[in-house]
Amino acid sequence: MIRNGKFFLPPSKDGSDFKELFKQLAAAGAGRPLGSDGFPTGPWTPELLAEAISQIDSNRIGVDLRTVQLWFQENDKGISTANIRWLARIFGCDDPLATSEWQIELSAAQSRLTAKRRESKKSENSDAVVAPDLERAAAVNNETESPVELNTDARRSRRRFSLPRRSEALFSRGSPLDLPASVFAGATALGFLSYITGIHNATYGRADGLVKQVGFLWAPNWTFVFMVLLPLFFAFVTELLVFWKYEGRLKLVARGDRMGSDDAWARSVDASSYTFWAVFFICVLFAGLFQWIGVCLIPLINGGGNYAIDWGKIALVRPEVISVPMSIVFTGLAYLYMCLCFYLFFAGLILLHTLVHDLWKIGEASKNWAGVDCPYEVNEVSLRVMRGIFRCTVLGLVIAICMKAQSAYLTSNGKNIVAWLVSDMFSAFQARNHVSDGFRYRMPTHYSSLLVAISTCVVFLYGSIRLGAGRQRHFPLWRMSTVVALLLAGYLLIDAFAGFSIVLGVGLLLAIYGLFDPGFGRWRTTELGNHQRVS
């Protein structure tokens, strides 16, 4: 029979299960276009069938080739309800009545396969010949329970330690306050310890007679960063990941299939395993251990080193405030806490990059990504994701600014960091020398802050390219980019000329406003396809 130029076979209704029925239809080439000679062009192959299903107009995400391959194999795996719909379209040759008949037949065949599998499991259990691991695998392999097919190796990998999944779990599982509160609690504990040891408000007289404030509580890169900026950063990352996993991704792809969506997301996170481990070793070994040994431990033991005096080395010039052994212990705890927090910071950036890439792939699969033809849901989710990434980018750049500003202050002629910034602001309107002309020291924080700033901007740039290309009229992207560029310029210009604090202040004011309103007050009605929304 021929329908719509394709070879059509009516449902046989012979009581076959899904595997038997599918094998017959695939071999016959049911639903394939007719050749020039009027005969079927041959049987279905996994590649041809996957391509045909993906080309159905209403199927936005297609079907995974691995899933189709499993239909062809001799196993107990069936087919999901969603894929029954698409397979019925193929076998029904896009005829509404025939498609409905095939949908009923395929559903019944799948039910028969499920019943046969259950009977087989009962028989095997009664003979006690099935190992526990195989039982668990059989229970989860049926596509009726999860439309995303996962092989046994993927299931076993969940039981192995995975740094990416453990890191992602810190952000997306439990209360959204857990991670921000933990970081804040660690910073609070260090603040109490600094108060107990007496270095919370320590000053020292420099060789040129200037008395500088180097107390722990006066260092914004140890107080403001860990008590305010990092908790906010983690809160925004957590909010965005939770939205994507449990709402955004389900809305675009899984259509309520929570297990399938979680499995696909877990595979995306695991794909960055090497990156997570590389960042972990760099943060713990180099930013933590080696930096502590070079910047604190060796100078405290040997009394040397071309580093500016700060709260970690105040024991060298004021031993009556804190002893060297106590200073070694305190700095060791502080640097351990710091390196772990910054690993989580970079892990958050990796997860944001993974989220953007995952969303972009879904948009590409929809085949209607650019311009007014893109689905409203994709545009809505993309806008929310970019707003979250913008907030995280702003916080990351402010963290880098605090780090570099504190490092530059220690080498300046300012009495404390606030007086130094105010003096620089006034120096822009006076004929004065550079406000930071002081002693010259090694400043490793300049380098580490640059890494923070670059990494943060790379994630924002990637999101702007992947999610904002061709869609700027719906996105306040140019406003976000302007603020990010201004903040980055303020960071780079720290201590570069007299009056740099003016540029820095303007960028910080816009950044603070952007945290509350990433769209910068612009609300517009956008028409997306056949929908009208206010964004």
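Up top is the structure.
Read on for a plain summary of the structure. (Residues numbered from 1 in each chain as written. Predicted model: local features only at pLDDT ≥ 70, side-chain atom pairs only at ≥ 80, totals over all residues. Heavy atoms only, no water.)

### Quick word on the packing of helix H17 (residues 477–492) against helix H18 (residues 500–516)
Right, so step 1: Axis separation between H17 and H18 bottoms out at 8 Å; the angle between their running directions is 145°. As H17 runs across H18, the sense of the crossing is left-handed. Listed contacts from H18 to Val 483, Leu 486, Leu 487, Gly 490 and Tyr 491 of H17 are Val 503, Leu 504, Val 506, Gly 507, Leu 508, Leu 510 and Ala 511.
Right, so step 2: Residues that form the contact of H17 with H18 fall into these classes: 10 nonpolar, 2 polar and no charged. (Axes fitted to C-alpha atoms, helices over the stretch in contact; angles between N-to-C directions. Helix = DSSP H or I, 4+ residues; strand = E, 2+ residues; numbered from the N terminus. Left-handed = near helix turned anticlockwise from the far one by under 90°. Contact = heavy atoms within 4.5 Å. Nonpolar A, V, L, I, M, F, W, Y, C, P; charged D, E, K, R; others polar.)

### As for the packing of helix H8 (residues 163–172) against helix H13 (residues 324–365)
Right, so step 1: Following both chains from N to C, one finds H8 and H13 inclined at 95°, their axes separated by 10 Å at the closest point. In terms of orientation, H8 and H13 fall into the roughly perpendicular class. Facing H8, whose interface residues are Leu 163, Ser 167, Glu 168, Leu 170 and Phe 171, H13 presents Tyr 343, Leu 344, Ala 347, Gly 348 and Leu 351.
Right, so step 2: Class assignment for the residues of the contact of H8 with H13 results in 7 nonpolar, 2 polar and 1 charged. (Parallel < 35°, antiparallel > 145°, perpendicular 65-115°, else oblique.)

### Focus: the pattern of salt bridges
Right, so step 1: Scanning the entire structure with this criterion turns up 12 salt bridges.
Right, so step 2: For Asp 17, the salt bridge goes to Lys 116, with nearest N and O atoms at 2.6 Å. Taken together, the residues span a long stretch of sequence, with Asp 17 in the loop between strand S2 (6–7) and helix H1 (18–28) and Lys 116 in helix H5 (residues 96–127) at a distance of 99 residues.
Right, so step 3: Given the relative accessible area of 5%, Asp 17 is considered buried.
Right, so step 4: With a closest N to O distance of 3.0 Å, Arg 89 and Asp 94 form a salt bridge. (Salt bridge = Lys/Arg side-chain N within 4 Å of Asp/Glu carboxyl O. Buried < 20%, exposed > 50% of the residue type's maximum accessible area, 1.4 Å probe, protein only.)

### Overview of a nonpolar patch on the surface
Right, so step 1: Residues Phe 161, Trp 277, Phe 281, Ile 282, Leu 285, Phe 286, Leu 289 and Phe 290 make up a contiguous nonpolar surface patch of about 760 Å² in total accessible area.
Right, so step 2: Relative to the elements of secondary structure, Phe 290 occurs in helix H12 (residues 273–302). (Patch = residues over 30% accessible without salt bridge, like charges linked within 9 Å, V, L, I, M, F, W, Y side chains within 5 Å. Areas by Shrake-Rupley, 256 points an atom, 1.4 Å probe, with all protein chains shown as cover.)

### As for helix H11 (residues 258–270)
Right, so step 1: Helix length check: H11 (13 residues) gives 18 Å between terminal C-alpha atoms against 18 Å at 1.5 Å per residue, within 8%.
Right, so step 2: Among the residues of H11, those classed as buried are Gly 260, Ser 261, Asp 263, Ala 264, Trp 265, Ala 266, Ser 268 and Val 269. (Expected span 1.5 Å × (residues − 1).)

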